[in-house]
Amino acid sequence: MSGTPALPRRLFDTFFSPGKMVEAVARDPKWLGALLVSIVLVAISTALIPPEMFAEVQRRAAMQRGISPPPMSDDALRLIRIFSVAGGALAIAIISFLMAGLYTLIFAFILGDEGKYRQYLAVMAHAGVIPSLFAVALVPLRIQTGDPQFTLSIGSFMVFLEPGYLLNVFRLWDLTQLWSSAIVALGVHQIDRRRSFGSAFTVMLVFMLAVALIIGRFLPT
């Protein structure tokens, strides 16, 4: 049996040969290196956003609540940058651990697959590099639109829809997250071959839809 590929090779395969990547990490679930790469990429993408953009988002939110926000000092802007970078990086780690736990609960405990938490975490960590890398690539568009959370989603192409709940739901279907979820589904299939890729991906799509339907209610229209 050949050894586990080095991290750079596994990351390359994540984009261009995901079948090889999930086979390797299902057999030898290494996750730390891939997760650290995602953390660094998210930190870089957040650090490249001018802190004034985050301050403007906070100002608009305060005005929607009927509060007149005070002007931001240079020290406040520096704190916003620090907390934004640290918070984004920490969120990636927390989400990865939580989602791996959720996949373990769904597939291993509820549906009866033979996967272990570390295997799902390893697949999740590698697949998560995709949206993290594209977050860096989207920085110019985020600066141009003035939206530090701008993503390419299904909603980006729904130009015929009026602003509202339905458009909010489509905006939550991030294209890179869909790509990442497809790779995770491939990993779920590799971890337990009795689970087909189609059924695993369907479970994930249903979960993503449920989350979008709930969160979409609370987004501004």
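Up top you'll find the structure we're talking about.
Keep in mind that what you see is a predicted model, and the values were worked out from it rather than measured.

S.K.: Explanation requested: the side chain of Thr176 in the structure shown.
M.R.: Within the fold, Thr176 resides in helix α10 (residues 175-191). Look at Thr176 and you get buried, because its relative accessible area is 13%. When near neighbours in sequence (up to four residues on either side) are disregarded, Thr176 contacts Ile130, Pro131 and Phe134.

S.K.: What exactly am I supposed to notice about the pattern of salt bridges here?
M.R.: When the charged atoms of two side chains lie near each other, side chains of opposite charge can form a pair. Here the structure, examined in full by the defined rule, presents five salt bridges. Across the pair Asp113 and Arg195 runs a salt bridge whose closest N-O atoms are separated by 3.1 Å. With a gap of 82 residues between them, Asp113 in the loop between α5 (74-110) and α6 (117-127) and Arg195 in the loop between α10 and α11 (197-215) connect regions that are remote in the sequence. A residue is classified by how much of its surface remains accessible, and Arg195, at 16% relative accessible area, is buried.

S.K.: What is the right way to read the nonpolar core from this model?
M.R.: As a rule of thumb, soluble globular proteins bury nonpolar side chains together. In this structure, Tyr103, Phe107, Tyr120, Val184, Val188 and Met204 are the most contacted members of the largest nonpolar core, which totals 34 residues. Of all elements in the fold, only α1 (7-16), α2 (18-27), α3 (32-47), α5, α6, α7 (129-137), α10 and α11 reach the threshold of two or more residues within this core. Residue contacts for Tyr103: discarding those within four places in its chain leaves Ala108, Tyr120, Met124, Val184 and Met204. Grouped together as the second largest cluster of nonpolar side chains are seven residues, Met53, Phe54, Leu77 and Val139 included.

Reading the values: rules and limits
Residues numbered from 1 in each chain as written. Predicted model: local features only at pLDDT ≥ 70, side-chain atom pairs only at ≥ 80, totals over all residues. Heavy atoms only, no water. Helix = DSSP H or I, 4+ residues; strand = E, 2+ residues; numbered from the N terminus. Buried < 20%, exposed > 50% of the residue type's maximum accessible area, 1.4 Å probe, protein only. Contact = heavy atoms within 4.5 Å. Salt bridge = Lys/Arg side-chain N within 4 Å of Asp/Glu carboxyl O. Core = buried A, V, L, I, M, F, W, Y, C linked by side-chain atoms within 4.5 Å.

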